[in-house]
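If you want the building blocks of each chain, they are given just below.
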Amino acid sequence: MTDPSTRPQDGSHAVVLGGSLAGLCAAAALAPHMERVTLVERDRYPDGPVWRRGVPQARHTHNLLGAGQRSLEVLFPGLLGELRDLGMVEVRMPQDMLLMVPGGWVDRFEGPHMVLSGSRDLLDWAVRRRLRQLPTVEVLEETEAVGLVAGPGDTVRGVLLRDRRPEARSGGNQPYEQTADLVVDTTGRGSRAPAWLRDLGYGTPEESVVDAGCAYSTCILEPAPEHTADWKCILLQSTPEEPRSGILNPIENGRWMVSVAGLGGERPPLDHAGFVDFAKGLRSTALYDAIRDAKPLGDVYGSGRTENRWRHFERLTRWPDRFLVLGDAVGAFNPAYGQGISVAGTSALVLRRALEQTAASGTHRIRNGLTASLRKPIADCVEAAWMLSGNADLAYPGASDGPLPLAARLGKRYTDRLLKVATTDRTAALALLDMTHLLAPPQAVFRPRVLASVLRGPRNPPSPTAPPPAPTRTGPPTRGEPMTAEPVTTESERMVKVYRKRAKRYDLTSNRLYLIGQRTMAYKHLALEQLALRPGDTVVDAGCGTGHNLPLLAEAVGPTGRVIGVDLTDAMLEQAEDRVRRAGLSQVSLVQADLTTWEYPENVRGITACFSLTLISEYAKVVERGYEALAPGGRWVVLDYRLPGWWPDRLIPALGPMIAPFGGDTSMVQRHPWEPIQEGAARHRTLTRYGGWVYVAVGEAAGR
């Protein structure tokens, strides 16, 4: 049954222009909130995972980075598992990679970052297949948009379409009007939105362009029969002094997709012998050594349109309501940095969240001014990637007009030093990877620990020519020291270390929040009430900590019920055990376990996580496993913090001192546990407290 608060508006219709990944994501974001979504694609989709003309860049290497994985999984639940089943390869970064950044080889260590590597054809086909399963979405192929249709006042009431099928062209091929309550342009670099806006009197947006003159050549190869290696991927980045780069990615069916690039106007060869010879001239011969005996499985393809281009729609003083631009049509990036898919996905989530807020208000209608208000958060998505790709390409001669401004020169000096330090320092490397995966804002590289590492400078630099070996040791975390001399850090180990230190004083630390007006126990009472527990029920407290919730849950299920408290840290569970023993709660049991792998008991009626899921990077996996264990009608309830919409992004670093005592950092504002709660629910609702900082997300499991 659909929650009435998310019921689509009767008769509502959205049109999405462009059927690449940005359009597919936008259509998925709209589908739960519109009665009908029409996806307009100018070409015809192939029947399987094969190349199509509308995505020329699909012939070249692609990595699905962290933010892209997260957004696609929210929009298409279960997609990542399907992609793995279809043959996409998990590459742990940098453990499974030979990674050479401008500062040198990055030492290899076990960390939380992972990319999914495969062909773009496979990724697009898998997403299209999932989108076609949505009953509210229709796909209109071989149709192009030729203009917007203005409505009364500053609004758009539809779009002009033209049928591109051969039979239509022979019949005159006249444009026709398609009315819509919302028009979303995702037509990519070639978007005509600037011209449409100009023609309607809204002006033309300013553009920022950084063009390092990057050109690619790509070939699919079969590894040599005798090939063995302790790596899966090779990435050799360029520098202004050595302006060539290369990447080897594993893709489905045991193949390699290899791209080499020249910057500053150099174009790699398009024949196989020249392609391999070009690879010999990269900063390291590691990639050449891997591919020189590999078998080519097709032609060598080239690509030359790789400039970074940001259309600043957010700066226009007037904007037509019910029109929105997403994806490469707003911000297109040098593909070398792999940010396009992530920005398309995160931008679609901006749209989705705005529609959810509208639905939660009970209006079920697109509010006036919605699209104008979304331009800034979408621009923020673009800016996060631009800080990496656009600013990095500024270092190349001729990439922009005139000399770099002072701020850019200072930023470049800091980045150059960061890239040297990151080769041997885990703190700097993790911050750099967080930013690369768009899992943390660019300001992450200025965190105090990172700043201290950068100011200290590189330590124990590895060989400038020999790639680093694979890691061989694991252990508790030590951040900020040379990676070659220290054990490996994982997020769970870091959390255990933090909470072991703070377990005895944790309750006192939490109580201090009352001094700033937070009523933590009142929020917990509210959350536990949403479980609607009955005597005899089984309930799980996921991340139970020192056990504050356990007496309340025990009272709700009575002596015949069962309460299971699960936590990762032994010291926290010791505090919980003392509380349980003092209260004489025989129906409570405690388990030390990782929630991402713990096996739930059968017939669970309720699961709650209070201020714990945001501390877990794989929170979506925890939620998914919980839903699998819940009995029909059982409830998943999450109480946690989130960043309210009114809080300025520039003030996010100021939250650091408040988050640090609980083992977190400001990158955790990017984690949204309420989203998988909503995705997995037959019915859901969200309650907010403390000015939007605190929320309770409730999801009811479907019958099976």
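Residues numbered from 1 in each chain as written. Predicted model: local features only at pLDDT ≥ 70, side-chain atom pairs only at ≥ 80, totals over all residues. Heavy atoms only, no water.

Side note on empty space enclosed by the protein
No. 1: Evaluation of the coordinates by the stated rule reveals three cavities of 30 Å³ or more.
No. 2: For the second largest cavity, the calculated volume is near 70 Å³.
No. 3: Lining the second largest cavity, in full, are Arg311, Phe313, Glu314, Trp319, Leu324, Val325, Val330, Arg375 and Ile378.
No. 4: Contributing elements (two or more residues each) for the lining of the second largest cavity: strand S21 (323-325) and helix H10 (370-386).
No. 5: Residue composition of the lining of the second largest cavity, grouped by class: six nonpolar, no polar and three charged. (1 Å grid on protein atoms, 1.4 Å probe; cavity = no way out; pocket = protein on both sides within 12 Å on 5 of 7 lines; lining within 4 Å. Points joined across faces, edges and corners; volume = space filled by probe spheres on them. Helix = DSSP H or I, 4+ residues; strand = E, 2+ residues; numbered from the N terminus. Nonpolar A, V, L, I, M, F, W, Y, C, P; charged D, E, K, R; others polar.)

Here's the deal with the pairing of strand S25 (residues 588-592)
No. 1: Strand direction decides the pairing type here: strand S24 (residues 562-567) and S25, joined by five bridges, are parallel. Each bridged residue has a counterpart across the sheet, and for Ile564 the counterpart in S25 is Ser589. (Pairing = 2+ DSSP bridges.)

Focus on helix H20 (residues 619-629)
No. 1: For H20, the full list of buried residues reads Tyr619, Val622, Val623, Arg625, Gly626, Tyr627 and Ala629.
No. 2: Looking at the buried side of H20, the elements it contacts are helix H2 (66-75), strand S26 (604-610), strand S27 (630-641), helix H22 (674-679) and strand S29 (694-700). (Buried < 20%, exposed > 50% of the residue type's maximum accessible area, 1.4 Å probe, protein only. Contact = heavy atoms within 4.5 Å.)

Details of the environment of Arg409
No. 1: Looking at the secondary structure, you find Arg409 in helix H12 (residues 406-421).
No. 2: In sequence terms Arg409 and Ala395 are 14 residues apart; their C-alpha atoms lie 9.1 Å from each other.

As for the packing of aromatic side chains
No. 1: Across all of its chains, the model carries eight aromatic pairs by this definition.
No. 2: Geometrically, the ring pair formed by Phe313 and Trp319 is edge-to-face, given 5.7 Å between the ring centres and 70° between the ring planes. Residues Phe313 and Trp319 agree in their burial class; the two are buried.
No. 3: By the ring-pair criterion, three or more aromatic residues cluster together here, those being Phe313, Trp319 and Phe323. (Phe/Tyr/Trp six-rings, centres within 6.5 Å; stacked < 30°, edge-to-face > 60°.)

A word on the sheet that holds S29
No. 1: Pairing within the open sheet is mixed, and its seven strands lie in the order S25-S24-S23-S26-S27-S29-S28. Bordering the open sheet on either side are S25 and strand S28 (683-689), each of which pairs with just one other strand. The average angle at which neighbouring strand axes cross in this sheet is 15°, direction not considered.
No. 2: Summarising the sheet, strand S23 (residues 538-542) and S24 pair through five bridges and their orientation is parallel. Among the inter-strand pairings, Thr538 is bridged to a residue of S24, identified as Arg562.
No. 3: Across the sheet, helix H17 (residues 520-529) touches S26, S27, S28 and S29, and the angle it forms with S27 is around 165°.
No. 4: Packed onto the sheet, helix H18 (residues 550-557) meets S23, S24, S25 and S26 and runs at close to 155° relative to S24. (Axes fitted to C-alpha atoms, helices over the stretch in contact; angles between N-to-C directions.)

A short note on the nonpolar core
No. 1: In this structure, Leu17, Leu30, Leu83 and Phe323 are the most contacted members of the largest nonpolar core, which totals 83 residues.
No. 2: Setting aside residues no more than four positions away along its own chain, Leu83 makes contact with Leu64, Met88, Leu116, Leu123 and Ala126.
No. 3: Membership of the second largest hydrophobic core comes to 30 residues, among which are Cys233, Ala431, Leu433 and Val450. (Core = buried A, V, L, I, M, F, W, Y, C linked by side-chain atoms within 4.5 Å.)

A few points about the confidence of the model for the protein chain
Any segment with low pLDDT has predicted coordinates that should not be analysed in fine detail.
No. 1: Scored by pLDDT, the protein chain has a mean of 84; 85% of the residues are at 70 or more.
No. 2: Per-element mean pLDDT across the protein chain ranges from 50 in helix H21 (residues 656-659) up to 97 in S21.
No. 3: For the stretch residues 1-7, pLDDT sits under 50, and the model shows 17 contacts to residues farther than four places along the chain or on other chains. (pLDDT = per-residue confidence, 0-100.)

Comments concerning unusual backbone geometry
No. 1: A cis amide bond links Met93 to the next residue, Pro94, at an omega of 10°.
No. 2: If you check the backbone angles, Asn253 has positive phi at about 65° while not being a glycine.
No. 3: One can find Asn253 in the loop between strand S16 (244-251) and strand S17 (255-262).
No. 4: For Asn253, a relative accessible area of 70% puts it in the exposed group.
No. 5: Phi is positive for Arg322, close to 70°, though the residue is something other than glycine.
No. 6: Relative to the helices and strands, Arg322 is located in the loop between strand S20 (308-312) and S21.

Structural notes on the packing of helix H1 (residues 21-30) against helix H4 (residues 120-131)
No. 1: At a minimum axis separation of 10 Å, H1 and H4 run at an interaxial angle of 25°. As summarised for this structure, H1 and H4 are arranged roughly parallel, according to the angle between their axes. Handedness of the crossing formed by H1 with H4: left-handed. Residues Leu21, Leu24, Ala27 and Ala28 of H1 form the contact with H4, whose own contacting residues are Arg120, Leu123, Asp124, Val127, Arg128 and Leu131. (Parallel < 35°, antiparallel > 145°, perpendicular 65-115°, else oblique. Left-handed = near helix turned anticlockwise from the far one by under 90°.)

Thoughts on H18
No. 1: Here H18 has its buried residues at Leu550, Leu553, Ala554 and Val557. For H18, the buried positions fall inside an angular range of 100° around the axis, keeping them on one side.
No. 2: Check the buried side of H18 and you find it contacts H17, S23, S24, helix H19 (570-583), S25 and S26.
No. 3: Positive phi appears at Gly558, one or two residues downstream of H18, with a value of about 75°. (Arc of directions from axis to C-beta.)

Comments concerning the sheet that holds strand S3 (residues 63-64)
No. 1: Sheet architecture is open: three strands sit in the order S3-S7-S4, paired in antiparallel fashion. Bordering the open sheet on either side are S3 and strand S4 (89-93), each of which pairs with just one other strand.
No. 2: By the bridge criterion, five bridges tie S4 to strand S7 (residues 113-117) in an arrangement that is antiparallel. When the bridges of S7 are listed, Val89 appears paired with Ser117.

A few points about the pattern of salt bridges
No. 1: In total, this model carries 42 salt bridges according to the counting rule given.
No. 2: We note a salt bridge from Arg318 to Asp154, for which the minimum N-O separation is 2.8 Å. With Arg318 in the loop between S20 and S21 and Asp154 in the loop between strand S9 (143-150) and strand S10 (156-163), this residue pair connects regions lying 164 residues apart in the sequence.
No. 3: Residue Arg318 is classed as partly exposed on the basis of its relative accessible area, which comes to 35%.
No. 4: In this structure Asp154 comes out as partly exposed when scored by relative accessible area, which is 34%.
No. 5: The network of salt bridges with common partners includes Arg42, Asp43, Glu144, Arg162 and Arg164. (Salt bridge = Lys/Arg side-chain N within 4 Å of Asp/Glu carboxyl O.)

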